[in-house]
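Okay, here's what each chain looks like letter by letter:
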Amino acid sequence: EVFGMHDNANVAFQLRETERLISECLSIQPREQPREGELTAEARVDQMCDSLQARLPKPLVPKYAKSGSIDSRPKTSLPDSFTTVLEQEVDRFQVLASALTRSLVELKKAIKGVVVMSDELESMFVALCNNLVPSLWSKVSYLSLKPLGAWMEDHIRRVRFFQLWLNTGTPACFWISGFFFPQGFLTAALQSHARMYRCAVDTLSFSFTVRVMETGDDVNHGPEDGVFVDGMFLEGARWDRKQKKLRPGVPGQLLSSVPIVHFRPRENYDLPPEDYHCPLYKTNERAGVLSTTGQSTNFIREPSSSTPVCLR
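Residues numbered from 1 in each chain as written. Predicted model: local features only at pLDDT ≥ 70, side-chain atom pairs only at ≥ 80, totals over all residues. Heavy atoms only, no water.

Asks: I keep staring at the packing of helix α3 (residues 81–112) against helix α7 (residues 182–197) and nothing clicks. Help me out?
Replies: Closest axis-to-axis distance for the α3/α7 pair is 8 Å, and the angle between their directions is 160 degrees. What the angle tells us is that α3 and α7 run roughly antiparallel. In the packing of α3 onto α7, the handedness of the crossing is right-handed. Two secondary-structure elements touch here, α3 through S81, F82 and V85 and α7 through G184, F185, A188, A189, Q191, S192 and R195. (Axes fitted to C-alpha atoms, helices over the stretch in contact; angles between N-to-C directions. Helix = DSSP H or I, 4+ residues; strand = E, 2+ residues; numbered from the N terminus. Parallel < 35°, antiparallel > 145°, perpendicular 65-115°, else oblique. Left-handed = near helix turned anticlockwise from the far one by under 90°. Contact = heavy atoms within 4.5 Å.)

Asks: Where do I start with helix α4 (residues 119–129) in this structure?
Replies: Helical geometry note: an α-helix holds 3.6 residues per turn, so side chains three or four residues apart project in the same direction. Of the residues making up α4, those classed as buried are L121, M124, F125, A127 and L128. The arc enclosing the buried residues of α4, seen along the axis, measures out at 165 degrees, which places them on a common side. Packing partners of the buried residues in α4 comprise α2 (41–55), α3, α5 (135–138) and α6 (148–168). At the exit of α4 stands N131, carrying a positive phi of roughly 60 degrees. (Buried < 20%, exposed > 50% of the residue type's maximum accessible area, 1.4 Å probe, protein only. Arc of directions from axis to C-beta.)

Asks: How do you make sense of the pairing of strand β5 (residues 237–240) when you look at a structure like this?
Replies: Side chains on a regular strand alternate between the two faces of the sheet. Looking at chain direction, β5 and strand β6 (residues 245–248) are connected through four bridges and run antiparallel. Bridge assignment links R238 to a residue of β6, and that residue is R247. The antiparallel pairing of β5 with β6 creates a hairpin that spans four residues between the two strands, and K244 there sits at a positive phi of about 55 degrees. (Pairing = 2+ DSSP bridges.)

Asks: Looking at this structure, I do not really get the nonpolar core. What am I missing?
Replies: Note on soluble globular proteins: their nonpolar side chains tend to be buried together. In this structure, W137, F185 and F263 are the most contacted members of the largest nonpolar core, which totals 59 residues. In terms of residue count, α3 provides more of this core than any other element does, ten residues in total. The residues contacting W137, other than those within four sequence positions of it, are L52, L96, A99, L100, S103, L104, M124, L148 and W151. Counting five residues, the second largest nonpolar core, distinct from the first, contains C173, M213, V219 and F228. (Core = buried A, V, L, I, M, F, W, Y, C linked by side-chain atoms within 4.5 Å.)

Right, dumping it as structure tokens:
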């Protein structure tokens, strides 16, 4: 209250402190002997490996794509910007799928004593015991703060999104949360516009309009210019559907969904200084590695709102 912050700021702080404390406690917890009738840690992790293997989605295979996707393009044609993004995303998911499959097989062998339990496999074993994403996966994966169960559900949904893209062609609305590298997708949207209107891509920038559609399922066809984007959330605020402006968040609700946003490229466009500039990140940790562009790898873009804002 002294600093004029919302009550949710204190809730978020307490949650992060609690998560940090629990994480520290789990990291120093000794491996106890199971009681009579209980499974050993090795047996539980072995069962988890079986369960995870059964849930793994099939790898993305571009050769099964229908007309209009990757393999149907003539070899001499100029690659479409979105097709290039799709190719890069599929490559990244194939690397991740290979890491998931290989590490689960190796860990099961190590538990049974068929192969040596290396440091990496030991770290993976501990992570699965604590319902965390193993570092063997996270180092080739997208940024995520989810625990193991939610991470796997999210991974399945991501693969489903790109498989649908491969099978049916460019979607009417893009789920930006599903990309490994959403910055590349937004650059592709600018490049596509530049090729369509024969203008220099470095003269283009986005304008942003929040639409009435809530999710990608509500979108039947894409816009004439730009892209429809969903999968974004607000932290510390909410979008008022009736008044169509940003409002303070509901007490106790740390994150709120944002309706479909129209990212529209415009030539020689300067964002109005009175607009509210809201930074967009991959995760709410708001931290990442400094990239060659001089920005954090967690930072995506800074959308703006031209509607009235009432925040604190």
